[in-house]
Amino acid sequence: MKNWTRKEFLKTSVVGGGAALLAGNTRLYGQAGPAKGSANGDIRVAVVGINAQGKGHMLDYANKLKGARLVAICDCDSDVLAKRLADCEKVGVKPETYVDYRKLLEKKDIDAIVIASPNHQHSLQTIWGLQAGKDVYVEKPLSHNVWEGRQAVEAAKKYTKNIVQAGTQNRSSEDIYDAIAYVKSGKVGKIKWARGLCYKPRESIGKSTGAQTVPASIDYDLWSGPAPLTPPRRNSPKNGTVHYDWHWFWNYGGGDITNQGIHQMDVARWFLGEPGLPASVMSFGGRFGYIDDAETPNTLVSVFNYAKAPLIFEVRGLPMKAGMRAMDKFKGTDVGVVVQCEGGYVTIGSNGGAVVYDNDGKVLQKFAKNTLGQHRANFVKAVKDRKVTKGVIEECHYSSALCHLGNVSYLLGKEKANSELAEAIKADANTKDSFARYVDHLKANNVNVDTTKVMVGPLLQIDSANEVFVGSDKTIVAAANKCPLTKRTGRGAFTIPEIKKMAVAAS
Ligand SMILES: NC(=O)c1ccc[n+]([C@@H]2O[C@H](COP(=O)([O-])OP(=O)(O)OC[C@H]3O[C@@H](n4cnc5c(N)ncnc54)[C@H](O)[C@@H]3O)[C@@H](O)[C@H]2O)c1
């Protein structure tokens, strides 16, 4: 638990003194700009960041998705770029290649950009894409921090000729719409709470010897973008020094709540029907079971207090039991959402598919339309229709922001004994329940809960309209607002433009 750079990260915050931008409450996305496309009507697409997730996008645009075609690929790792060009050539496509995203944006005959670079690039690349007159598909999460996500939303409202679709693909899952309608109909009563679950195996990434050399193929200034330019301190056998494991470092990612968890966070918030940020958040957790280079917790509970009902989020990276691969399940779900209502509960799996049970566990209704895989095709449709209906940017902003808020409470936490934590949360039934199961889980992984400390974050109050922390404890509020996961304005040429709030929303 000690081998992280939490204090260093908190010190890197760059917070302007100006008032935070007001959150827009209009959601009129999709405005008729001119129809897009090449002479034959196909939308000309470029994919940015093509190592893993971007490779899937790239190949879909190269030879699968109707009405669109791949015309360019961009990656600041020239080895990745060369490999992906070869992949394209194998399917008979020869896109132009770019190392620098800004050069790609200068190209006039590209209609749409698909962004699958690391999280810390998403907001800036979205804003730059819109400013260059491109439609944008941006992978989840929308942002590395709350403030930059808001700038991306405001950019989508300002540059109304273009559209943005976010990569939270559950929004294309018809079964979830059906399940939400079922709950809204009142058949199982009011929602008591929603729990997002991210029980996903995350092994140690190993321990390196400190600052590592960046492979010569990577333009590390471009790779770092708005994040501080600091050498990688990781070197896992699987991912090396730069790619993928950035998820576990605060400068770039936010751990699994922000990685896998954002999908379940989005579904849980969607069920609650909550259109903004909660009144408060509190988190506890740690990186338990092994010592490695990573900074983010592998075990986290965050409780978000919404007016309607609480949203509780649980992350577990350790298995069901030491030595096993299988993960725990809560009401039959490991990566998913459970929505507890007065007269029953709904479970939603990681790939859609919703089941409603009564409180005795008897199935009342199943929803299995399974259309989540259509999210990319839905982007092509959105570009043609000039209107986004599945993956609205502001929705992704709120769900991304929830992940950041949970992490801010954790980062401001103090190490405490589990017995102290138990005492502090005993009055809250939902937190108590998560805590009791977390203790059993750690014990099953041979973590001594009597001697191992847990990071316990403060209960932070949120001004949802202004997307800032507020409250009477000025020291805590100042620290929370200074945390780079709340606001980070970027670096040099990679400074995030501050976008003035627009009166009318459109994208
Ligand atoms: N929607 C989903 O279900 C889903 C699934 C997996 C990943 N993702 C998201 O996709 C993104 C990429 O994930 P990944 O696993 O492929 O990460 P990765 O680290 O393996 O690949 C990212 C690639 O982006 C490149 N890159 C970095 N900065 C760049 C820049 N400025 N310009 C051009 N290229 C740049 C890197 O060189 C690398 O090749 C992440 O944000 C992740 O959250 C979404």
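A short tour of the structure in this document, coming up.

Moving on, we get to helix 13 (residues 429-444). In this model, helix 13 (16 residues) spans 23 Å end to end at C-alpha, consistent with the 22 Å of a helix rising 1.5 Å per residue. Of all the residues in helix 13, the buried ones are Thr431, Ser434, Phe435, Tyr438, His441 and Leu442. End-on, the buried residues of helix 13 take up no more than an arc of 125 degrees, which puts them together on one face. Facing away from the buried side of helix 13, by more than 90 degrees, are the exposed residues Ala429, Ala436 and Asp440. Those residues of helix 13 hidden inside the fold are in contact with strand 9 (299-305), strand 10 (311-316) and helix 12 (418-425).

A few words now on the sheet that holds strand 4 (residues 112-115). Here six strands make up an open sheet; going across it, the order is 3-2-1-4-5-6 and the pairing parallel. The sheet is open, and its two edges are formed by strand 3 (96-98) and strand 6 (164-166), each paired on a single side. Taken pair by pair, the neighbouring strands of this sheet meet at an average axis angle of 25 degrees, ignoring direction.

Turning next to helix 9 (residues 261-272). For helix 9, spanning twelve residues, the distance from its first C-alpha to its last is 17 Å, which sits close to the expected 16 Å at 1.5 Å a residue. Burial analysis of helix 9 places twelve of its twelve residues in the buried class, the great majority of the element. Buried residues belonging to helix 9 abut helix 7 (174-184), strand 7 (191-199), strand 10, strand 11 (335-341), strand 12 (344-349) and helix 11 (393-411).

So, on to the nonpolar core. The biggest cluster of nonpolar side chains holds 72 residues, and the ones touching the most others in it are Ala179, Val183, Ala194, Phe271, Val337, Val339 and Val346. When residues in this core are grouped by element, the largest group, eight residues, is from helix 11. Not counting residues within four places of it along the chain, the set of residues in contact with Val337 comprises Ala194, Arg195, Gly196, Leu197, Gln264, Val267, Ala268, Phe271 and Ile348. Judged by nonpolar contacts, the second largest core, of 53 residues, contains Cys74, Val380, Ile393 and Cys396.

Once that is clear, we can look at unusual backbone geometry. A cis amide bond links Lys140 to the next residue, Pro141, at an omega of -15 degrees. You will see that Asn370, though not glycine, has its phi angle at about 45 degrees, which is positive. In this structure, Asn370 sits in the loop between strand 14 (363-367) and helix 10 (375-385). Taking the C-beta count within 10 Å as the criterion, Asn370 has 14 such neighbours and is therefore assigned partly exposed. A positive phi is found at Arg386, a non-glycine position, where the angle reads about 60 degrees. Tracing the backbone shows Arg386 in the loop between helix 10 and helix 11.

This part takes up the packing of helix 6 (residues 146-158) against helix 11. It is the contact of helix 6 with helix 11, at a shortest axis distance of 9 Å, that shows an interaxial angle of 175 degrees. By the angle class used here, helix 6 and helix 11 are roughly antiparallel. From helix 6, Val146, Gly149, Arg150, Ala152, Val153 and Ala156 reach across to helix 11, where they touch Ile393, Glu394, His397, Ser400, Ala401 and His404.

Turning our eyes to something else, we now look at the site of the ligand. The environment of the ligand is formed by 27 residues, the closest being Gly49, Asn51, Ala52, Gln53 and Asp77. Put simply, the parts of the chain that give the shell around the ligand at least two residues each are helix 2 (53-63), helix 5 (119-131) and helix 8 (220-224). Partitioned by chemical class, the residues of the shell around the ligand number eleven nonpolar, twelve polar and four charged.

You can see Ser236 is positioned in the loop between helix 8 and helix 9. Note on Ser236: 20 C-beta atoms within 10 Å, which makes it buried. Sequence-distant contacts of Ser236, defined by excluding residues within four places in its chain, comprise Ile205, Gly206 and Asp245.

Our next topic: the environment of Gly406. Considering the arrangement of structural elements, one finds Gly406 in helix 11. In this structure Gly406 comes out as buried when scored by C-beta crowding, with 32 C-beta atoms within 10 Å. Here the alpha-carbon distance between Gly406 and Leu70, two residues 336 residues apart in the chain, equals 37 Å. Setting aside chain neighbours within four positions, we find Gly406 in contact with Ile257, Val281, Ser283, Leu300, Ser302 and Phe313.

So, on to the pairing of strand 2 (residues 68-74). Regular strands place their side chains on alternate faces of the sheet. Taken across its seven residues, strand 2 has five buried, putting it largely inside the fold. Relative to strand 2, strand 1 (residues 43-48) runs parallel, the two sharing six bridges. When the sheet's bridge partners are listed, Val45 is paired in strand 2 with Leu70. Between strand 1 and its parallel partner strand 2, the chain crosses via helix 2, and the hand of that crossover is right-handed. As defined by bridge partners, strand 2 adjoins strand 3 across three bridges and the pair is classed as parallel. The residue bridging Ile73 from the neighbouring strand is Thr97, located in strand 3.

Rules used in this analysis
- Residues numbered from 1 in each chain as written.
- Predicted model: local features only at pLDDT ≥ 70, side-chain atom pairs only at ≥ 80, totals over all residues.
- Helix = DSSP H or I, 4+ residues; strand = E, 2+ residues; numbered from the N terminus.
- Expected span 1.5 Å × (residues − 1).
- Buried ≥ 20, exposed ≤ 12 C-beta atoms within 10 Å, placed from the backbone.
- Arc of directions from axis to C-beta.
- Contact = placed C-beta atoms within 7 Å.
- Pairing = 2+ DSSP bridges.
- Axes fitted to C-alpha atoms, helices over the stretch in contact; angles between N-to-C directions.
- Core = buried A, V, L, I, M, F, W, Y, C linked by C-beta atoms within 7 Å.
- Parallel < 35°, antiparallel > 145°, perpendicular 65-115°, else oblique.
- Near = placed C-beta within 6 Å.
- Nonpolar A, V, L, I, M, F, W, Y, C, P; charged D, E, K, R; others polar.
- Right-handed = clockwise from strand over helix to strand, strands pointing away.

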